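Read off the chains here:
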Amino acid sequence: MSTVLFWFRNDLRLHDQPALRAALTSGATHLLPVVCLPAPDESMPWGFARVGPHRRAFTAAALRGLQSSMSALGNPLLICQAPPATALPLLAQAVGAATVVCEDIAAPYEQAEVAALRAAGLQVRAVWHSSLLHPADMPWPAADLPGVFTSFRQKIERAGITPAAPLPAPARLLPPPDVPAPLLQAVGAEQGAASIQQAA
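A brief structural summary. (Residues numbered from 1 in each chain as written. Predicted model: local features only at pLDDT ≥ 70, side-chain atom pairs only at ≥ 80, totals over all residues. Heavy atoms only, no water.)

1. What about the overall build of the protein chain?
Then comes step 1: Helix and strand counts for the protein chain come out as seven helices and six strands.
Then comes step 2: Seen in sequence order, the protein chain has helices and strands lined up from the N terminus as β-α-β-α-β-α-β-α-β-α-α-β-α.
Then comes step 3: The globule rule puts the C-alpha radius of gyration for 200 residues at 16 Å, and the 18 Å found for the protein chain is close to it.
Then comes step 4: The dimensions of the protein chain, computed from C-alpha atoms along their principal axes, are 55 × 45 × 35 Å.
Then comes step 5: In the protein chain, which comprises 200 residues, the proportion classed as buried is 38%. (Helix = DSSP H or I, 4+ residues; strand = E, 2+ residues; numbered from the N terminus. Rg over C-alpha atoms; globule rule 2.2 N^0.38 Å. Buried < 20%, exposed > 50% of the residue type's maximum accessible area, 1.4 Å probe, protein only.)

2. Overview of helix α2 (residues 53-72)
Note on helix geometry: an α-helix contains 3.6 residues per turn, so any two residues three or four positions apart are oriented the same way.
Then comes step 1: Counted at 1.5 Å a residue, the expected span for α2 with its 20 residues is 28 Å, and the 29 Å between its end C-alpha atoms agrees.
Then comes step 2: All of the buried residues in α2 are T59, A60, A62, L63, L66, Q67 and M70.
Then comes step 3: Immediately downstream of α2, the backbone of G74 shows phi near 85 degrees, a positive value. (Expected span 1.5 Å × (residues − 1).)

3. Here we look at the side chain of D11
Then comes step 1: Structurally, D11 is set in the loop between β1 (3-8) and α1 (18-24).
Then comes step 2: Look at D11 and you get buried, because its relative accessible area is 11%.
Then comes step 3: In this structure the side chain of D11 is engaged in a polar contact, spanning 2.6 Å, whose partner is the side chain of R13. (Polar contact = N/O pair within 3.5 Å; in protein donor to acceptor, adjacent residues only side chain to side chain.)

4. Quick look at unusual backbone geometry
Then comes step 1: Although it is not a glycine, D16 sits at a positive phi angle of roughly 50 degrees.
Then comes step 2: In this structure, D16 sits in the loop between β1 and α1.

5. Considering the pattern of salt bridges
Then comes step 1: Going through the model one piece at a time under the given rule, you end up with four salt bridges.
Then comes step 2: A salt bridge links D11 to R13; its shortest N-O distance comes to 2.6 Å.
Then comes step 3: One connected set of salt bridges, linked through shared partners, spans D11, R13 and D16. (Salt bridge = Lys/Arg side-chain N within 4 Å of Asp/Glu carboxyl O.)

6. Some words on the packing of aromatic side chains
Then comes step 1: Going through the model one piece at a time under the given rule, you end up with three aromatic pairs.
Then comes step 2: Both rings, one in W140 and one in F152, keep their centres 5.7 Å apart while their planes meet at 65 degrees; by these two values the pair is edge-to-face. Placement of the pair is W140 in the loop between β5 (123-128) and α5 (149-159) and F152 in helix α5, with a sequence separation of 12 residues.
Then comes step 3: We classify W140 as buried; its relative accessible area is 11%.
Then comes step 4: The exposure class assigned to F152 is partly exposed, which follows from its relative accessible area of 21%.
Then comes step 5: Members of the aromatic cluster, connected to one another through ring pairs, are W140, F149 and F152. (Phe/Tyr/Trp six-rings, centres within 6.5 Å; stacked < 30°, edge-to-face > 60°.)

7. A short note on the packing of helix α3 (residues 84-95) against helix α4 (residues 108-119)
Then comes step 1: At a minimum axis separation of 9 Å, α3 and α4 run at an interaxial angle of 35 degrees. Read as a crossing pair, α3 and α4 show a hand that is right-handed. Between α3, through P84, A85, L88 and P89, and α4, the contact on the second element is made entirely by E113, A116 and L117.
Then comes step 2: Of the residues that constitute the contact of α3 with α4, the class distribution is six nonpolar, no polar and one charged. (Axes fitted to C-alpha atoms, helices over the stretch in contact; angles between N-to-C directions. Left-handed = near helix turned anticlockwise from the far one by under 90°. Contact = heavy atoms within 4.5 Å. Nonpolar A, V, L, I, M, F, W, Y, C, P; charged D, E, K, R; others polar.)

8. So, the pairing of β5
Then comes step 1: Where strand β4 (residues 99-104) meets β5, six bridges bridge the pair, whose relative direction is parallel. By the bridge assignment for β5, V101 is matched with R125.
Then comes step 2: Read from β4 through α4 to β5, the crossover connection turns out right-handed. (Pairing = 2+ DSSP bridges. Right-handed = clockwise from strand over helix to strand, strands pointing away.)

Here it is, written out as structure tokens:
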């Protein structure tokens, strides 16, 4: 048995989710889907809350939909009330996983989270899907990105670059591994409505 962890980050859906497809086609036999919620009182280094009340309400609504969809496919979402750098290495060790697959996010805080997981010994496969066109498809290096949208659009059209078709939601998920109950307590994890309520 081999297990891959799938870490939901900003993109809380099953459809049009290239990172999830990468996890499902990784060759693993089991999938542990996880989301790590920030503490309600967590603040940023600049003195403001990391997540405000409107974002918390949006996240809770998205998680309810995601949890419902995943439960229908037989693999409910594990919702952790602990930072990823704490929760994911513990979960990976408990289920014998070496790899975490997640959405790639081009922002310093989110990149630092990935670096912390790698420093903890996990292999992290971050899959880009935060733009309509993939950066690797651009006909120029990032440093030569046109400064005006019209120039950008014209070059893209001349090169014949078009967005990829949206991915459908998976028809099935890999089965979940067994996670020891004491570990779930250690990472503040639950499966179900109670944990989602804490996000709101």
